[in-house]
Amino acid sequence: QVQLVESGGGLVQAGGSLRLSCAASGITVSLNAMGWYRQAPGKQRELVARINSYGITNYADSVKGRFTISRDNAKNTVYLQMNSLKPEDTAIYYCNAVNTYREYWGQGTQVTVSS
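Residue positions are given per chain, counting from 1 as you read along its sequence in written order. Since the coordinates come from a predicted model, pLDDT governs what is reported: local features require at least 70, and pairs of side-chain atoms require 80 or more to be given and counted, while whole-chain, interface and lining totals use all residues. Excluded from the side-chain calculations are hydrogens and water; all other atoms, namely the structure's heavy atoms, are used.

Draft legend 1. Broad picture of the nonpolar core. Buried residues of nine kinds, namely Ala, Val, Leu, Ile, Met, Phe, Trp, Tyr and Cys, make up a nonpolar core once their side-chain atoms join them within 4.5 Å. When accessible area is computed with a 1.4 Å probe and restricted to protein chains, residues below 20% of their type maximum are described as buried, those above 50% as exposed, and intermediate ones as partly exposed. Among the nonpolar cores identified, the biggest contains 30 residues, and Leu4, Met34, Trp36, Leu80, Met82 and Tyr93 are the most heavily contacted of them. Each helix is a run of H or I in the DSSP string that is no shorter than four residues. Each strand is a run of E no shorter than two, and both are numbered from the N terminus. Looking at this core, the elements with two or more residues in it are strand 3 (18-25), strand 4 (33-39), strand 5 (46-51), strand 7 (67-72), strand 8 (77-82), strand 9 (91-98) and strand 11 (109-114).

Spelled out as structure tokens, the structure:
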């Protein structure tokens, strides 16, 4: 059974930092395309950052230079380091895993950035 468990969300002031973690079980993160998505109230879910099995990363324009996605293969965990946070980054952040056969989602973690 595949599980993606996010943690690290919370309330932070604008300009602050948070690091989100996505601990995976039932899959190997290094063999999947792993991504972070977010969904703000009243908006569609959007891609924030992704890292593929080769370690190649891509980011939404709105977070380039502020967010960094990485993975720890030994811990089978993916991270999202978020710096210089803005109120518009407020959303539920979801971990996502995609391979040839399936797509998986975590339950989400709330990030709230106060102005």
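Draft legend 2. Quick look at the packing of aromatic side chains. Ring pairs shown here join Phe, Tyr and Trp side chains whose ring centres sit within 6.5 Å, with only the six-membered ring taken for Trp; geometry is labelled stacked below 30 degrees between planes, edge-to-face above 60, and tilted in between. Taken as a whole and assessed by the stated rule, the structure comprises two aromatic pairs. An angle of 85° between the planes, with centres 6.5 Å apart, marks the rings of tyrosine 94 and tryptophan 105 as edge-to-face. With tyrosine 94 in strand 9 and tryptophan 105 in strand 10 (residues 103-105), this residue pair connects regions lying 11 residues apart in the sequence. Here the aromatic cluster, defined as three or more aromatic residues joined through ring pairs, consists of Tyr37, Tyr94 and Trp105. Charge over a ring is defined by NZ of Lys or CZ of Arg lying within 6 Å of the ring centre and within 35 degrees of the ring normal. Directly above the ring of tyrosine 94 sits arginine 45, whose terminal nitrogen or CZ lies 3.8 Å from the centroid.

All we've got here are geometric facts, nothing functional implied.
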